[in-house]
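Fold and contact review
If you want the building blocks of each chain, they are given just below.
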Amino acid sequence: MSRRVVVTGVGLLSPVGATAEETWRAIREGRSGISRISQFDPSAFNCQIAGEVKDFDPARFIEKKDIKKMGRFIQFAIAASDCALSSARLKIADVDAARVGVYIGSGIGGFEVIEREHRVLLDRGPDRISPFFIPATIINLAAGYVSIRTGAKGPNSATATACTSSAHAVGDSFKIIQRGDADAMICGGTEAAITPMGIGGFAAMRALSRRNHEPHRASRPWDKDRDGFVVGEGAGILFLEELETAKRRGAPILAEIVGYGMSADAFHITSPAEDGDGAFRVMCAAIRDAGVRPEQIDYINAHGTSTEVGDKLETVAIKRCFGEHARRLAVSSTKSMTGHLLGGAGGLEAGITVLAIRDQVAPPTINYETPDPECDLDYVPNTERAMRIDYALSNSFGFGGTNGSLVFKRYEG
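Note that the structure is a prediction, hence the values are computed from the model and not measured. (Residues numbered from 1 in each chain as written. Predicted model: local features only at pLDDT ≥ 70, side-chain atom pairs only at ≥ 80, totals over all residues. Heavy atoms only, no water.)

Focus on the packing of aromatic side chains
Our working rule: To pair, rings of Phe, Tyr and Trp, with the six-membered ring standing in for Trp, must have centres within 6.5 Å; the planes then decide the type, stacked if under 30 degrees apart, edge-to-face if over 60, and tilted in the middle. For helices the rule is a DSSP run of H or I covering at least 4 residues; for strands it is a run of E covering at least 2, with both sets numbered from the N terminus onward. Note on exposure labels: buried denotes an accessible area under 20% of the residue type's maximum, exposed denotes more than 50%, and partly exposed covers the range between, all computed with a 1.4 Å probe on protein chains only. The rule for a charge over a ring is simple: NZ of Lys or CZ of Arg within 6 Å of the ring centre, and within 35 degrees of the ring normal.
One pass over the full model with this rule turns up seven aromatic pairs. Pairing W222 with Y379 gives two aromatic rings, centres 4.2 Å apart and planes at 10°, and the pair type is stacked. With W222 in the loop between α8 (196–204) and β7 (234–242) and Y379 in the loop between β11 (361–362) and β12 (385–386), the pair connects residues that are 157 residues apart, well separated along the chain. Classification of W222 by relative accessible area gives buried; the value is 0%. Look at Y379 and you get buried, because its relative accessible area is 1%. In this arrangement the basic side chain of R320 is found over the ring face of F280, its NZ or CZ atom lying 4.0 Å from the centre.

Here is the structure:
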């Protein structure tokens with residue numbers, strides 16, 4: 001059995017917005033959410049900037065007595081899931097809960113709780129560690145809490161595939177519905193790794209931008225003067241439904257998901273393969289799964305992290321996959337505004353891709369000022385573009401050489 005699957009809800013919590021529509025409006029306007037870190041004093045770090053979620057109040061979504069039991073990444077997942085269900089105009093109690101699943105990924109999980117409780121261990125001893133420490137940090141508890149709170153009793157799982165985590169969660173959820181194991185899935189990803197260890201660890205790898213004096217200009221995918229990525233935080237959750245189920249309840253159909261690909265570089269723990277082979281093969285796999293030709297893709301929401309090697313090799317991979325059509329594609333990186341949400345990136349960017357299809361607008365890549373001769377595609381520089389988007393691709397690539405691509409289609413009822 002192969003069933004059609006549509007997106008009926010999008011919930012986004014990001015450095016540029018507290019909701020999907022607020023995030024999308026900021027993205028279209030080209031507004032950066034990157035600023036000096038406020039969650040701790042970054043003065044001792046060579047990278048002092050990040051894409052923080054601004055003014056987040058978990059009490060808007062969670063009872064105060066429960067907030068301390070959850071890592072920030074779980075709180076983000078709950079907030080974005082609530083928004084996705086609201087967008088889909090659905091309460092789980094109104095449908096067969098056993099046919100609704102939850103699949104939410106994260107690359108790191110409750111980093112700030114691990115750091116906090118480690119300080120407790122050192123300063124006050126093991127007897128003072130919180131009994132909520134483990135469930136506040138482990139990655140599958142984002143999906144677990146969302147399931148408990150919503151009553152969704154279908155398939156429940158989590159991915160931890162680095163920066164591809166939430167793209168894999170969305171793609172796996174698509175396949176779960178397609179083969180008939182559920183009728184709907186709450187899926188995507190979440191991340192909250194703006195902590196001393198999180199920033200310090202990536203900085204030690206020399207992966208982060210050091211443009212501390214102008215944070216809004218620090219994330220600059222494909223620009224010749226890029227000097228590394230910027231860590232972001234937040235969550236991106238989609239509500240996927242089997243088409244006929246969605247139509248029966250009169251759900252708002254934002255787009256159709258039609259293709260999913262996975263691949264491995266089998267090359268290096270942090271660097272992509274030198275010919276972009278893993279990225280090339282994953283895009284080709286997703287397009288093949290969608291049953292379309294490469295030249296039918298109109299827009300790519302790229303992985304585009306703003307690293308020297310990554311941006312160049314994604315460009316190489318796009319050229320290999322699309323041939324001459326690569327020159328006609330609109331390719332943008334919304335990480336130029338949000339920073340890189342790590343395990344949450346694929347969910348956020350899948351949601352942005354869906355909204356781009358809904359509104360027939362390609363979002364911009366901001367801070368694109370000095371072209372890099374080795375990155376020579378159409379990156380929708382600095383300003384959004386109204387255009388026809390029938391098919392769009394969303395890319396996510398992660399440490400360990402794990403890759404995921406999703407293909408979305410404009411829904412024609």
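Back to the text.
Digging into the pattern of salt bridges
This is how the line gets drawn: One side-chain nitrogen of Lys or Arg within 4 Å of one carboxyl oxygen of Asp or Glu is enough to make a salt bridge.
Taken as a whole, this structure holds 37 salt bridges when the rule is applied. Across the pair D183 and R99 runs a salt bridge whose closest N-O atoms are separated by 3.0 Å. Taken together, the positions of D183 in the loop between α7 (165–178) and β6 (184–191) and R99 in the loop between α3 (72–88) and β4 (100–105) put the pair 84 residues apart, joining distant regions of the chain. A residue is classified by how much of its surface remains accessible, and D183, at 18% relative accessible area, is buried. By relative accessible area, R99 is classed as partly exposed at 25%. When the shortest N-O distance is used, the salt bridge between D376 and K319 registers 2.5 Å. Taken together, the positions of D376 in the loop between β11 and β12 and K319 in helix α11 (residues 308–322) put the pair 57 residues apart, joining distant regions of the chain. The partly exposed category is assigned to D376, whose relative accessible area is 33%.

Quick look at unusual backbone geometry
Residue D55 is not a glycine yet carries a positive backbone phi of 55°. For D55, the position within the fold is in the loop between β3 (49–50) and α2 (64–67). Here D55 falls in the exposed class, since its relative accessible area comes to 80%. Positive phi outside glycine occurs at R89, with the angle close to 55°.

Considerations on the environment of E244
Relative to the assigned elements, E244 resides in helix α9 (residues 243–248). Put simply, E244 and V5 are 239 residues apart on the chain and 8.8 Å apart in space, counted from C-alpha to C-alpha.

Considering the nonpolar core
For soluble globular proteins, the rule of thumb is that nonpolar side chains tend to be buried together. The line we're drawing: We call a set of buried Ala, Val, Leu, Ile, Met, Phe, Trp, Tyr and Cys residues a nonpolar core when their side-chain atoms join them within 4.5 Å. Residue contacts are defined here by distance: any two heavy atoms, one from each residue, within 4.5 Å place the two residues in contact.
Formed by 45 residues in total, the largest nonpolar core has its most connected members in V10, L238, L240, I257, L406 and F408. The element that contributes the greatest number of residues to this core is helix α13 (residues 345–359), accounting for eight residues. If we skip the residues at most four places from it in the chain, L240 touches V5, V6, V7, V170, S173, F174, I177, D183, A184, M185, C187 and I257.

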